[in-house]
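One-letter residues, chain by chain:
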Amino acid sequence: MTNDQIKAREGTYFDDKGITIYDEDVDIYGKDPATGSEKLLAKLRKNVLPKDLIEKGWEAYYITAAPSRNRGAAAGPIDAKGAYWKKRKPTDITKWSAREVLNGKVSKMRVNNNVFSSVLGYFEQTPFMGLPCRLTSYTQKYFKYYKHGIPFIEEINNAFKTLIPDNYKQQYKVAAAKPMYQIGDTAFSSVTINRNFRTALHQDAGDFRQGFGNLSVIERGKYHGGSTMFPQYGVGFNVRTGDFLAMDVHEWHCNTAMYETPEDKAYNKNLPRIHLDNPTTGTQGADKPYTRISFVCYLREKLIKCKDSETRKYYKRIAFDPERGYLKSRTQTRKKKDNEEQE
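Residues numbered from 1 in each chain as written. Predicted model: local features only at pLDDT ≥ 70, side-chain atom pairs only at ≥ 80, totals over all residues. Heavy atoms only, no water.

Asker: Please clarify how the overall build of the protein chain should be interpreted in this entry.
Answerer: Secondary structure summary: the protein chain contains 9 helices and 20 strands in total. Relative to a compact globule of 343 residues, whose C-alpha radius of gyration would be 20 Å, the protein chain shows 21 Å and is just as compact. The burial tally for the protein chain puts 50% of its 343 residues in the buried class. Within the protein chain, contacts between residues separated by at least 24 positions form 74% of all contacts whose residues are at least 6 apart in sequence. Working note: accessible area of the protein chain is about 17600 Å², and carbon and sulfur atoms make up 50% of it. The distance from the centre of the 56 positive side-chain charges to the centre of the 41 negative ones in the protein chain is 7 Å. (Helix = DSSP H or I, 4+ residues; strand = E, 2+ residues; numbered from the N terminus. Rg over C-alpha atoms; globule rule 2.2 N^0.38 Å. Buried < 20%, exposed > 50% of the residue type's maximum accessible area, 1.4 Å probe, protein only. Contact = heavy atoms within 4.5 Å. Areas by Shrake-Rupley, 256 points an atom, 1.4 Å probe, with all protein chains shown as cover. Lys, Arg positive; Asp, Glu negative; His and termini not counted. Charge placed at Lys NZ, Arg CZ, Asp CG, Glu CD.)

In C-alpha cells, the structure reads:
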C-alpha cells in the first residue's frame, strides 16, 4: 500500500491474509513506498531471554496492566453495539474515539475502547493534571513489583544493545543523562504493558526518534494469533514467551486476533483464575482464560527537557528517593500524615 492508503486504515483491524508471518530468527528490511530508500523494519530473535528472568518478569508484572480508555487508534474502532459501549451512551463517534453522555451531559473528553494497558516507569509533565515529570501512578501503586521486575527489563535492554547497537548508544546516552527518569541501567524511561490487547493499526508517538522499539511477551495458557504485523510491507512476527522483537514503531503496525483452538480450550479449561476481571464489562480481553502480556520498552522524548527541581518537589511529597530507588508505602505515608494532623 502507498502511504496514503495505509494511513486511511488507521484505527482498523487487520488479519494475516496476504501477510508472511515469521517465526524464526530474521532481519527484515523494507523500501519506503514514497522514496524507495531501504530501511530496517524489524529483527526477531526467538527464545533469547533467560527462563529465570522471564519468571521474575511474570511475578512482577502480570497484575499491572489496568483498564485504560486513552490508547487512541490502537484501541480500535468504536462499536456502539459492543459489550462495553452498549451499557453506555456514546455520541460524536469518530472512528476510534467518542464522547460519553453522563447525567444528561456530553463529556468534554474523548475516550477510546477500554483495554488493559498501563505505563510503568516515568512520564512527562501533564499540565491538565497539574503534575511535573514523574514516576507514573501505576508505578507508585505497584512499586515493589516494579522494582522486582527490573532485571527482566534490563535483559530486554541487553537484547536491544546487541541487535541495534548504534540506535542503542544514542538512546542510552540520553537516558543516562536523566537518571531521575531512567529504569535501572537501561536505555528506557518507560514500559507500556498490555494484556490481551489486540492493537488496531497505529504508529507510536512520544518516544525517542533516534532510538528503536523493543517488544517482548510473556504468556500463560495457550492461544493462537496475536502476531505483530507491518501490513504496509506484508510482514508479521509471531512473538512468544522469551522472544525479542526490535521494531520500527514509527511504521504502521498492529496485531492479529487472538483465539483458542479446540486443543487450546481443553488446556485452558483447567487454568486457575489469576485475574479477577468481570467479563461482562466488555473490556477487551477480560473474557479470555489465557494471558498474553506484552512489554513495549522505550524512552519518552519529552523527559529530556524535564525540570529536575520540580520533579524533586513532587518526589518529596510522595516520599520517593530516586537515587536509592525507594518509595515509602502509601500506608506509611498516610500514617505519618495522620500523626502530623493529631499533633
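Asker: Just checking my understanding: could you explain the packing of helix α5 (residues 150–163) against helix α6 (residues 165–176) for this structure?
Answerer: For any two helices packed against each other, the geometry is given by the interaxial angle and the distance between the axes. Where α5 meets α6, the axes come as close as 6 Å, and the angle between the chain directions of the two elements is 125 degrees. In terms of orientation, α5 lies oblique with respect to α6. Contact residues: α5 offers N157, F160, K161, T162 and L163, while α6 offers P165, N167, Y168 and Q171. Per-class residue counts for the contact of α5 with α6 are 4 nonpolar, 4 polar and 1 charged. (Axes fitted to C-alpha atoms, helices over the stretch in contact; angles between N-to-C directions. Parallel < 35°, antiparallel > 145°, perpendicular 65-115°, else oblique. Nonpolar A, V, L, I, M, F, W, Y, C, P; charged D, E, K, R; others polar.)

Asker: What's the story with unusual backbone geometry in this structure? I'm lost.
Answerer: Apart from glycine, the bulk of residues carry a negative phi angle, and the bulk of peptide bonds sit in the trans form. At D92, a position not held by glycine, the phi torsion is positive, near 50 degrees. Looking at where D92 falls in the secondary structure, it is placed in strand β5 (residues 90–94). Since its relative accessible area comes to 41%, D92 is described here as partly exposed. Phi at N196 takes a positive value of approximately 50 degrees, unusual for a residue other than glycine. Here N196 is to be found in the loop between β10 (190–195) and β11 (213–220).

Asker: What is the right way to read the side chain of T199 from this model?
Answerer: Along the chain, T199 falls in the loop between β10 and β11. A distance of 2.7 Å separates polar atoms of two side chains, one belonging to T199 and the other to N255. Contact partners of T199, with chain neighbours within four places excluded, come to Y13, A74, C254 and N255. (Polar contact = N/O pair within 3.5 Å; in protein donor to acceptor, adjacent residues only side chain to side chain.)

Asker: How should the sheet that holds strand β7 (residues 105–106) be read in this particular structure?
Answerer: Each strand in a sheet pairs with its neighbour through backbone hydrogen bonds, running either in the same direction (parallel) or in the opposite one (antiparallel). The strand order across the open sheet built from 3 strands is β5-β6-β7, with neighbouring strands paired in antiparallel fashion. Only two strands of the sheet have a single partner each, and these edge strands are β5 and β7. Sheet topology places strand β6 (residues 97–102) next to β7; 2 bridges connect them, and they run antiparallel. Within β7, the position partnered with V101 by the bridge is V106. (Pairing = 2+ DSSP bridges.)

Asker: Teacher, can you tell me more about the environment of S190 here?
Answerer: Mapped onto the elements of the fold, S190 is located in strand β10. Counting along the chain gives 70 residues from S190 to L120, while the straight-line C-alpha distance between them is 5.7 Å. Among residues more than four places away in sequence, those in contact with S190 are V119, L120, Y122, I183, V296, C297, Y298 and R300. Here the side chain of S190 touches Y122 through a polar contact of 2.6 Å, landing on its backbone oxygen.

Asker: Would you take a moment to explain the confidence of the model for the protein chain for this structure?
Answerer: As a general rule, the predicted coordinates of low-pLDDT regions are not to be interpreted in detail. Counting all residues, the mean pLDDT for the protein chain is 93, and 96% of those residues have values of 70 or more. For residues 332–343, every residue scores under 50 in pLDDT, and the model assigns this stretch 4 contacts once sequence neighbours within four places are set aside. (pLDDT = per-residue confidence, 0-100.)

Asker: Any chance you could explain the packing of aromatic side chains here in plain terms?
Answerer: Both the distance between ring centres and the angle between the ring planes are used here to describe each pair of aromatic rings. Applying the stated criterion to the full structure yields 16 aromatic pairs. Measuring from ring centre to ring centre gives 6.4 Å for Y142 and Y145, while their planes differ by 65 degrees; the resulting arrangement is edge-to-face. Exposure remark for Y142: the relative accessible area of 13% places this residue in the buried category. Relative accessible area serves as the criterion here: at 31%, Y145 is assigned to the partly exposed category. Seen in terms of ring centroids, F143 and Y146 are 5.9 Å apart; in terms of plane orientation they differ by 40 degrees. Their pairing is tilted. Highlighted residues: F143 and Y146, both in helix α4 (residues 143–148), separated by 3 residues, approximately one helical turn. Accessibility assignment for this pair places F143 and Y146 in one class, buried. Here a set of aromatic residues connected by ring pairs shows up, and it is made of F143, Y146, Y314, Y315 and F320. Cation over ring: R195 sits above F116, and NZ or CZ is 4.0 Å from the ring centre. (Phe/Tyr/Trp six-rings, centres within 6.5 Å; stacked < 30°, edge-to-face > 60°. Lys NZ or Arg CZ within 6 Å of the ring centre and 35° of its normal.)

Asker: Just to check I follow, could you spell out the pattern of salt bridges for this structure?
Answerer: Taken as a whole and judged by the stated rule, the model has 17 salt bridges. For D92, the salt bridge is made with R99, and the minimal N-O distance between the two is 3.1 Å. With a relative accessible area of 22%, R99 lands in the partly exposed category. Three or more residues joined by partner-sharing salt bridges are found here, namely D23, K46 and D243. (Salt bridge = Lys/Arg side-chain N within 4 Å of Asp/Glu carboxyl O.)

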